Amino acid sequence: MSDTEPQTDFDPIEPNTGREFEPVDVFPATEEFDLRPGADSCFKCSACDTSCPVAEVDDDFPGPKFQGPEQWRLKRREGHEIDDSVMSCSNCMRCDDACPSGVPLSQMHNTARGEYVEEQMSKTSVEYWRNRVLSNYRTSAFLASKVPRLANVTMNFGPARWLMEKTMGVTAEREFPAFASTTFREWWAERGGADESRRRARAHRERRGLDRDADKRVAYFHGCYSNYNTTEVGKAMVRVYERYGYEVVAPEQKCSGTPMFANGMLADARRHAEVNVSSMADLVEQGYDAIASCTSCSMALRQEYPELFDIDGIETVAANTFESIEYLRIHEDLKADVREARVSGDLAREFAYHAPCHARNQGLERQSVELFGDLEGAGIEDVGDSCSGISGTYGWKEEKYETSMAIGEEMFDHMAAADGEVGMTECPTCAMQMEHGTGYEIRHPLELLEEALVENPRSEP
Amino acid sequence: MGSPPHIAVIGGGSTGAGIARDLSMRGLDVTLVEQGNLTHGTTGRMHGLLHSGGRYAVSDRASARECIEENRVLREIATHCVEMTGGLFVKRPEDDEEYFQEKLRGCRTCGIPAEVVSGAEARAMEPHLAKDVEKAISVPDGAVDPFRLVVANAASAIEHGARIETHSTVRDVLIEEDEVIGLEVEHASGAGERVHGKEGGREEIRADYVVNATGAWAGRIGEMAGVDIEVRPSKGVMTIMNVRQVDTVINRCRPKGDADIVVPHETTAILGTTDEEVEDPEEYPEERWEVDMMIETLSELVPMLEDARTIRSFWGVRPLYEPPEVGSTDPTDITRDYFLLDHAERDDLEGMTSIVGGKFTTYRMMGEEISDHVCSQFGIDAECHTAEIPLPGSEDFTVLRDYMDEFGLRSPIGRRSVERLGSRADEVLNTSDPNPTVCTCEGVTRAEIQDAIAGSGSDLNAVRIRTRASMGNCQGGFCCHRLAGELHGEYDESTARAAWDGLLEERWKGQRHALWGEQLSQAALNYALQATTQNRDRDPADGDPVDFSAFDGGVGADGGSGTAGVATDGGPRDGD
Ligand SMILES: Cc1cc2nc3c(=O)[nH]c(=O)nc-3n(C[C@H](O)[C@H](O)[C@H](O)COP(=O)(O)OP(=O)(O)OC[C@H]3O[C@@H](n4cnc5c(N)ncnc54)[C@H](O)[C@@H]3O)c2cc1C
Ligand code: SF4
Ligand code: SF4
C-alpha cells in the first residue's frame, strides 16, 4: 500500500479546479499568450489578495487580483503597458493556490512580467542586468564552482559586497551560499554514472526480492543548487532511490527557469527549458519519470513550462514530473519504513520545518511532517503556513530586502518558538532565508530520509 | 429677428442629442426633454458598431454610402468615443461565394475601402477565429460608445446655451389652431439635474417649433398631437461577453440573418443580434432561447464563445419606419434609412416635424438635415459645423501620451481612464486628493466618479453610463455601495440610498439572462455580499434616515489617541 493513494480524481498537475481554458499563442514567434479569457473565471472574491505575502507587508503593491485578472481584462492586444508593480510580485504562487476558481494567476503574472521586461524595462539599466545576473544563477555558480574556495572567500568579502550593493543593487545583508568543492555531477561521474546506478539498483532489487529487471527508472532533475552548493541533497536522493530499487540517470540539464520567470526573463527561461524538456522528454518516452528534489524545480517543470511555453513534449514531461518524496510516497510504503527506522548522531534532532510556497502549490506542504512524525530519534514541527519571504532572487535585491525580511518575520518567530534548533525545508532559497533570519543550520528532508533508511550512507565515495 | 426661435426637442437618444447640438451651435434656443437618462431608449441598447457601411453594401447602398461618410466624420470629431478596430466579413465554407463577391463589389461601389484577406491572414489578426474560416473582406468598421457620444453631444449643446432636461416626460403636445405651440412635461424631480427625493412637477414648455426624435416611441408623441406615425418597432437581442475574444469587428458574410456579428466594446465583446417586430417598444418578451441561439450561431465564427463567460444580455428596439404604402412583412426588409416627416405638409399640423428610422452611425447627418429643415422654417441661414468641430473630450488627443506619470495611476487604469475622458482627462484626473480606484473591473477612479456626479446629480445610473463603473465582470457586486458612498457630502443619506437602490436594480436586471456558469457564481457571491454585509435584502433603515448620532465614535473616540469620526482609510494603524 502506498501512503498517498489518490482518494479523489484531483489531479496534482492541474492544481486549480476551474474550467480549463486553452490560451492561444497569439504571436507564435514570441512567448506572448492572450490571457484575457483567463479573467472569465474570476468572480472577485479576493481570496488571492488576502493570501499574498507581499501585499500583506507592502501597501504599494496592488495585489494579485489587480495584477492578474483585472489587469489582463483591461488589456488590449496592442499598445497597453504593464504596470511596473508586477516586478514586486515575488512569484511565490500563493495566489494560484488560494484561488477557488481556477484563474491562471501565476501564468498571468509571469507573462505580464515577461512583457514588461521585454518591452518596458531599459536593457541598459542596472536593474535589468542585476536581475539577469541573479536569475542566471547557474552561470555564476558554474564559474564559481571552478574555483570554489576562492569564490567562497571573495563573494562574501565585505568591500566586494559593498560594491555589489552600490553598483548592482544586490543586498549586502546576505551571505552568499558556499560552493561545494566537488559538484554533484562530478561526484556522479566519478561514481560511475548511470551504469553504476543500475548495478546498485539491481542489487537492491534482489535484496528486496524484486524482479532484477523491474521497470523502476527515474531521471533526476537535480537543479543548480544541489549541483553546486548542497550536493549532499543530490547524493541522498540517489542513495535513497537506489535503495528502493530505482535506477537513476542524471540527464543533461540547465536551470529550471524559476529565477528567470520571477525576473521576467522569459527568453532566457525558454532557452533553458528547451534543453530540459528535450532531454527529459526522451527519457519519459522510454518509461522514466522525472524527479526533482527542489520544489521550485518540480513546480517549473509541471506547471510553469506548459503554461508559458509551447515546446515539443512539454505536456508529457509535465505530467510525469514529481517531487522526490512525493514520488516515493506514491510508489513505496515509505511511511511504514520510516516508522520502523531510527536515526542517531548528527541528524537525531528536533527540526523546525517550513513548507515552501511552491510545495504548497503542489499540495505537498504536509508531506515531511506526516512522514517524519513517527521517526524514532528525530522530531519535526511545522512552523506554520507563512511565506519565508525570500522567494528565490527576490530577497537578494537591495530594494526588496526589507519586504523580504518583513514577510519572513512570522516564520522566524515561529522557528524560534519551535523546539528544534535545526531547520528543515525542501527549497534551497527558503533555506537561505531561514538560516539568515535565525542562524540555524538547515537540512533537506532527503538528508533525514537517507539517514533513516540507508545504512552507512557515507561509506561510499 | 429679435431673440432666436425656441425649439423643443423630444428624445435624449443619439438623434435628439445630435439635433440639440446642431441647432444650438447654429444659435437657436434649444430645450431637450428626455423621459429617462440620456440614452434611455434604443441608443443605450444598441450594438456599438460604427458602421463602415459594409453591412448594407449589398441590400441598401444609399445607407451604405451614408455610413462610410459619417464613419469618417465621427473618427475625427468623436475620437474619445470611437475605437477604430477595423472589421472583417468572414466567409465559412458553407457561405455563398457569389454573395462574397457581391459584398466586395458593393463595398467598392459605395466607396468603402475593402480588401480580401486569406483565412490565415484573418486568423493572424484574430487568433480565436474558427480554423475553417476561408477568407474575409476587411473594412473600416469601428466600435463606438453610445453613452459617451450622447453625453458629449449634450455637453456641447449645453456649452452653446441649450437646456437639457432628463427624467422629464412629455405628457401632452400643446396645440392651438392647428399649430403646435409647446409641450406639457412632467419632471420626476423638478427641473435641472436629477436628484432623488426632490419634488417633481409639471411644466409647460412653450416652443416655436417641436422636433419629435423619440425613435420607437414617435407614434406615441404623434398620438398626443393627433397625427399618425407608423413606426414599426423591431427588437434585437445582444449578449455581453466578459472579455474581448476579438479585437476586430467580426461579421458573417452572408445575406441577412440572425446572430451574425461580434463587436469588441471597451473591455467586452458584444454578440448580436436578432430582428423581430414587436407591438410595444417597452413591453416585449425577453427570452432565453434568443441568447442561446446567438451564442451557438456565433460560435461557428469564434468557437471559444461557446464556453466563454457572458455577463448580461439586453434587448433594444429599432425605430424602423417605412412609408405605409411599401408594406414589408419581414422587418429585415424594412429600410434602415431615416425619414423626415413634416407634419405641416403631411397632416396640416404646423410647428412640428418627426424624424424616424435611421441608425446611430448616421445620427449627425440626421441632425444636420433636420436642423436645416427647422432653420428654413424661420428663414435662418446658418451653416452646420457639427462635422468639423470636435465634441467635448475629443478636442486634443495628445494628452494620451503622458497619461500615466501625470496622474499617478497604475498603467491599465490610467490608460483606460484617459481613453474614456479624452481631452478632458487632465481636467478630471489631475487632482491632489487621494484618488482610489472605485470600480476595479473597469478601472474607474474616484476623480472620474466625482466628475460624473457633478454632471448628472445623484443618479448613479447616469454616473454609470458616463464612466462604465459597475459595468465589468462583477456587475456592480463590489462597487455599487462605493458609488453610493461617493454621493456623501453633496447629498444626504436617503438620497444616496434611493440612488443606490436604483443602481442595484438596474444591474440585476440584465444579469437575469446570464445566470449560468461563472456569472451565476458571481451573482451568488454578489447576492450574499449585498444581502449579508449591506442588508440589501431587507433594509430596516429604508424610509427613515438613520440617526447617526446614536452611534458612538468607535474605540479611542473620546480621549485616547485615535481620532473621532471615521477616516476613509480606516485611520492610522497601530504601530505605523
Ligand atoms: C438591437 C439593435 C442594435 C443596433 N445596433 C446598431 C449599431 O451597431 N450601429 C448603429 O449605428 N445603429 C444601431 N442600431 C440602431 C440605433 O441604435 C438607433 O437607430 C438609434 O440609437 C436611434 O436613436 P434615437 O435617438 O432615434 O432613438 P432612441 O435612442 O430610442 O431615443 C428616443 C428617446 O426618446 C425618449 N422618449 C420617448 N418618449 C418620450 C416622452 N414621451 N417624453 C420624453 N422622452 C421620450 C426615449 O426615452 C428615448 O430615450 C441598433 C438598434 C437595435 C435595436
Ligand atoms: S505570486 Fe505571490 S507575491 Fe505574486 S501576486 Fe501571487 S501571492 Fe502575491
Ligand atoms: S481568488 Fe481567484 S476568483 Fe478570487 S479574486 Fe482572486 S483571482 Fe479572482
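These figures come from a predicted structure and were not determined experimentally.

Basis of the calculations
Residues numbered from 1 in each chain as written. Chains lettered and ligands numbered in written order. Predicted model: local features only at pLDDT ≥ 70, side-chain atom pairs only at ≥ 80, totals over all residues. Heavy atoms only, no water. UniProt positions renumbered as here; feature names shortened; annotations may be inferred. Helix = DSSP H or I, 4+ residues; strand = E, 2+ residues; numbered from the N terminus. Near = heavy atom within 4 Å. Nonpolar A, V, L, I, M, F, W, Y, C, P; charged D, E, K, R; others polar. Pairing = 2+ DSSP bridges. Axes fitted to C-alpha atoms, helices over the stretch in contact; angles between N-to-C directions. Contact = heavy atoms within 4.5 Å. Buried < 20%, exposed > 50% of the residue type's maximum accessible area, 1.4 Å probe, protein only. Parallel < 35°, antiparallel > 145°, perpendicular 65-115°, else oblique. Left-handed = near helix turned anticlockwise from the far one by under 90°. Domains from an automatic or database assignment. Buried area = accessible area lost by both parts, 1.4 Å probe. Polar contact = N/O pair within 3.5 Å; in protein donor to acceptor, adjacent residues only side chain to side chain. Areas by Shrake-Rupley, 256 points an atom, 1.4 Å probe, with all protein chains shown as cover. Salt bridge = Lys/Arg side-chain N within 4 Å of Asp/Glu carboxyl O. Core = buried A, V, L, I, M, F, W, Y, C linked by side-chain atoms within 4.5 Å. pLDDT = per-residue confidence, 0-100.

Participant: Explain the UniProt feature "domain: FAD dependent oxidoreductase" (unreviewed entry) in chain B to me, please; I cannot follow it from the model alone.
Facilitator: Within the UniProt annotation, "domain: FAD dependent oxidoreductase" (unreviewed entry) is assigned to residues 7-359 of chain B. With 25% helix and 31% strand, the stretch residues 7-359 of chain B has end C-alpha atoms that lie 23 Å from each other.

Participant: Would you take a moment to explain the site of ligand 2 for this structure?
Facilitator: Residues and elements named next belong to chain A. In the vicinity of ligand 2 there are 13 residues, among which Cys 52, Cys 89, Cys 92, Met 93 and Cys 95 approach most closely. Listed by contribution, the elements that provide at least two residues to the shell around ligand 2 are helix H2 (53-57) and helix H4 (94-98). Residue composition of the shell around ligand 2, grouped by class: nine nonpolar, three polar and one charged.

Participant: Looking at this model, I keep getting lost on the sheet that holds strand E11 (residues 179-187) of chain B. Mind explaining?
Facilitator: Whether parallel or antiparallel, the strands of a sheet pair through hydrogen bonds between backbone atoms. Residues and elements named next belong to chain B. Pairing in this open sheet of three strands is antiparallel, and the strands run E10-E11-E12 from one edge to the other. Only two strands of the sheet have a single partner each, and these edge strands are strand E10 (168-176) and strand E12 (201-206). With direction set aside, neighbouring strand axes in the sheet form an average angle of 25 degrees. Pairing of E11 with E12, which is carried by six bridges, proceeds in the antiparallel orientation. Bridge pairing in E12 places Gly 182 opposite Arg 206.

Participant: Before we go on, may I ask you to explain the sheet that holds strand E21 (residues 352-357) of chain B in this structure?
Facilitator: All names here are of chain B. In spatial order, the strands read E9-E2-E1-E13-E21-E20; together these six strands make up an open sheet with mixed pairing. Looking at which strands have only one partner, the edges of the open sheet turn out to be strand E9 (163-165) and strand E20 (338-342). Mean inter-strand twist for the sheet, computed between neighbouring axes without regard to direction, equals 15 degrees. Taken together, the four bridges between strand E1 (residues 6-10) and strand E13 (residues 209-212) define a ladder with parallel strand orientation. Bridge pairing in E13 links Val 9 to Val 211. Helix H1 (residues 14-25) rests against E1, strand E2 (29-33), E13 and E21 of the sheet, and its axis sits at about 165 degrees to E2.

Participant: What is the right way to look at helix H13 (residues 446-456) of chain B in this model?
Facilitator: Within an α-helix, residues lying three or four positions from one another point in the same direction, as the helix has 3.6 residues per turn. Residues and elements named next belong to chain B. For H13, the complete set of buried residues consists of Ala 447, Glu 448, Ile 449, Ala 452, Ile 453 and Ser 456. If you follow the buried residues of H13, they end up packed against helix H11 (411-421), helix H12 (425-429), strand E22 (437-439), strand E23 (444-445), helix H14 (460-467) and helix H15 (480-485). Following H13 by one or two positions, Gly 457 adopts a phi angle in the positive range, close to 75 degrees.

Participant: What is the right way to look at the packing of helix H13 (residues 231-243) of chain A against helix H24 (residues 445-453) of chain A in this model?
Facilitator: The axes of two packed helices give the description: the angle between them and the distance between them. All names here are of chain A. In contact at an axis separation of 8 Å, H13 and H24 are set at 45 degrees when each is read in the N-to-C sense. Overall, the two elements H13 and H24 adopt an arrangement that is oblique. Regarding H13 and H24, the two cross each other, and that crossing is left-handed. Across from Glu 232, Val 233, Lys 235, Ala 236, Met 237, Arg 239, Val 240 and Arg 243 in H13, the residues of H24 making contact are Leu 446, Glu 447, Leu 449, Glu 450 and Leu 453. Within the contact of H13 with H24, the residues separate by chemical class into seven nonpolar, no polar and six charged.

Participant: What am I meant to see in the domain arrangement of chain A here?
Facilitator: Often the size quoted for an interface is simply the accessible area lost on bringing the parts together. Residues and elements named next belong to chain A. You can read the domains of chain A as domain 1 (36-119), domain 2 (126-168), domain 3 (184-331) and domain 4 (334-455). The distance between the C-alpha centroids of domain 1 and domain 3 comes to 30 Å. Counting residues at the interface gives twelve residues for domain 1, matched by eleven residues for domain 3. Together domain 1 and domain 3 conceal approximately 900 Å² of surface at their shared face, both sides included; 54% is due to carbon and sulfur atoms. The largest share of the area that domain 1 buries against domain 3 comes from Met 93, Gln 107 and Asn 110, three residues that together contribute 44% of it.

Participant: Just checking my understanding: could you explain the site of ligand 1 for this structure?
Facilitator: All names here are of chain B. The immediate surroundings of ligand 1 are formed by 36 residues, with Thr 15, Glu 34, Thr 42, Thr 43 and Thr 361 found nearest. Taking His 47, its main chain carries an N or O atom lying 3.3 Å from a nitrogen atom of ligand 1. Within the contact set of ligand 1, a nitrogen atom lies 2.9 Å away from a backbone nitrogen or oxygen of Val 170. Protein chains shield 96% of the accessible area of ligand 1, which is 1000 Å² for the free molecule. When contributions to the shell around ligand 1 are tallied by element, the ones reaching two or more residues are H1, E10, strand E14 (231-241) and strand E19 (310-321). Residue composition of the shell around ligand 1, by class: eleven nonpolar, 22 polar and three charged. For the shell around ligand 1, the two domains that each supply at least three residues are domain 1 (6-42 + 147-231 + 336-377) and domain 2 (82-143 + 233-318).

Participant: I'm lost on the interface of chain B and chain A in this one. Help?
Facilitator: Each side of the interface is counted separately: chain B has 41 residues, and chain A has 29 residues. Taken together, the links from chain B to chain A amount to three salt bridges. Here A:Arg36 ties to B:Asp247 by a salt bridge, and the two come within 2.6 Å at their closest N and O atoms. Inspection of the region where chain B meets chain A yields 14 residue pairs in polar contact (both at pLDDT 80 or more). Listed by contribution, the elements that provide at least two residues to the side of chain B that touches chain A are helix H10 (403-407), H11 and helix H17 (517-533) of chain B. Considering each element in turn, the side of chain B that touches chain A owes the most residues, six residues, to H11(B).

Participant: What's the story with the nonpolar core in this structure? I'm lost.
Facilitator: As a rule of thumb, nonpolar side chains are buried together in soluble globular proteins. Residue and element names in this part refer to chain A. If you look at the biggest cluster of nonpolar residues, it comprises 50 residues, and the most contacted ones within it are Tyr 116, Val 117, Phe 261, Tyr 305 and Phe 309. The element contributing the most residues to this core is helix H15 (residues 266-285), with seven residues. Beyond its immediate sequence surroundings of up to four residues, Phe 261 is in contact with Asn 91, Asn 110, Arg 113, Ser 256, Leu 266, Ala 269, Ala 300, Glu 304, Tyr 305, Leu 308 and Phe 309. Core analysis: the second largest hydrophobic core is formed by 42 residues, Phe 322, Leu 347, Ala 378 and Ala 452 among them.

Participant: I would appreciate a short explanation of the UniProt feature "domain: BFD-like [2Fe-2S]-binding" (unreviewed entry) in chain B in the present structure.
Facilitator: Those residues carrying the UniProt feature "domain: BFD-like [2Fe-2S]-binding" (unreviewed entry) are residues 438-482 of chain B in this numbering. When the span residues 438-482 of chain B is considered, its composition is 49% helix and 9% strand, and the gap between its end C-alpha atoms is 7 Å.

Participant: Please explain the confidence of the model for chain A as it appears in this structure.
Facilitator: Reading fine detail from the predicted coordinates is not recommended where pLDDT is low. All names here are of chain A. Averaged over all residues, the pLDDT of chain A is 87; the fraction at 70 or higher stands at 90%. Low pLDDT, under 50, characterises residues 1-22; the stretch is placed with 33 contacts to residues that sit more than four places away or in other chains. Counting contacts from residues 24-31, a segment whose pLDDT is below 50, to residues more than four positions away or on other chains yields 20 contacts.

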